[in-house]
Structures are given as C-alpha cells and as structure tokens.
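What follows is the residue order along each chain.
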Amino acid sequence: QVQLVESGGGLVQAGGSLRLSCAASGGPVSTYAMGWFRQAPGKNREFVAALSGIGSGLIYADAVKGRFTVFRDNAKLTVFLQMNSLKPEDTAVYYCAADRSAAATTRALSYDYWGQGTRVTVSS
C-alpha cells in the first residue's frame, strides 16, 4: 500500500547542486521517519540523511554534513534532499526509505518501505 517515488536526479558538474524529492503515499506516511540512502557502483548501500516523522530530529552522515539538507513538506507528503557542493564521490543511485516508527535512524534494516531510486552523476 505504501509507495515511495524519488525524482530529481541528473548529471551535474562538481560543485553544483541538485534537489531530490520523495513522494510518499498510502498509510499514515506523514507520521513515518524518512531516510535517504545511496549506492554507488560496486559499493554497499550507505546512509545519507534522515528526519523524524514527529518532531524535528535530523541525522546526517559525516560525508555529507554541511553540504546536504533534508526537509519535509508534510502537507504534500514529500521529503526533499538538497545537495550542494557536489563531489564526484557523491555519484550514486539515491533511495528514499520510510520507517513506521517516528524516530529517525541510520540503520537501513529499520526501514520498512523503499523507493526505486533516482540516479545522481557528478562529473569532475
């Protein structure tokens, strides 16, 4: 019933910016914690950022802290990932995930639902 759809990926030069979005539908998704993960070719999936479903809790991976911002539009049931000062090592497929718990977490196995991903490529 729950569906997550990512969009906003593309090709950008190093130092540029992109804003990813995740549209959520089905169930009480506005109360779920939401996370962003990424997977580069030949690499394991890694945590990027998360926010709580209730309240204002935020978590960022050290690799993106200070460059990426996660925020939520609860009225539209959409979560955004603003990515600035992009680096070639940010190149990956980015996935949106939802956790039925309201508490944000970095642990991928805690998330109950996943989108299909949107590809981000950063050229040097």
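Please read these numbers as outputs of a predicted model, since none were measured by experiment. (Residues numbered from 1 in each chain as written. Predicted model: local features only at pLDDT ≥ 70, side-chain atom pairs only at ≥ 80, totals over all residues. Heavy atoms only, no water.)

## Here's the deal with the packing of aromatic side chains
For any two aromatic rings, the description comes down to two numbers: the centre-to-centre distance and the angle of the planes.
Step number 1: One pass over the full model with this rule turns up six aromatic pairs.
Step number 2: Where Phe37 meets Phe47, the ring centres are 5.6 Å apart and the plane angle is 75°; that geometry is what we call edge-to-face. Placement of Phe37 in strand S4 (residues 33-39) and of Phe47 in strand S5 (residues 46-51) is noted, with a sequence separation of 10 residues between them.
Step number 3: Where Tyr111 meets Trp114, the ring centres are 6.1 Å apart and the plane angle is 65°; that geometry is what we call edge-to-face.
Step number 4: When its relative accessible area of 27% is taken as the criterion, Trp114 is described as partly exposed.
Step number 5: Aromatic ring contacts, followed pair by pair, group Phe37, Phe47, Tyr111 and Trp114 into a single cluster.
Step number 6: We note Arg45 situated over the ring of Trp114; from NZ or CZ to the ring centre the distance is 4.4 Å. (Phe/Tyr/Trp six-rings, centres within 6.5 Å; stacked < 30°, edge-to-face > 60°. Helix = DSSP H or I, 4+ residues; strand = E, 2+ residues; numbered from the N terminus. Buried < 20%, exposed > 50% of the residue type's maximum accessible area, 1.4 Å probe, protein only. Lys NZ or Arg CZ within 6 Å of the ring centre and 35° of its normal.)

## Details of the environment of Leu58
Step number 1: Among the secondary structure elements, Leu58 is positioned in strand S6 (residues 58-60).
Step number 2: The spatial distance from the C-alpha of Leu58 to the C-alpha of Val48 is 11 Å, given a sequence separation of 10 residues.
Step number 3: With near-sequence residues (within four places) excluded, Leu58 lies in contact with Ala50, Leu51 and Val70. (Contact = heavy atoms within 4.5 Å.)

## Things to note about the pairing of S4
Step number 1: Among the seven residues in S4, six count as buried, and that is most of the element.
Step number 2: Both S4 and strand S9 (residues 92-99) contribute to a ladder of seven bridges, which runs antiparallel. Pairing of Gln39 across the sheet is with Val93, part of S9.
Step number 3: Of the strand pairs in this sheet, S4 and S5 are connected by five bridges, and their pairing is antiparallel. Across the sheet, Arg38 pairs through a bridge with Glu46, a residue of S5.
Step number 4: The antiparallel pairing of S4 with S5 creates a hairpin that spans six residues between the two strands, and Gly42 there sits at a positive phi of about 75°. (Pairing = 2+ DSSP bridges.)

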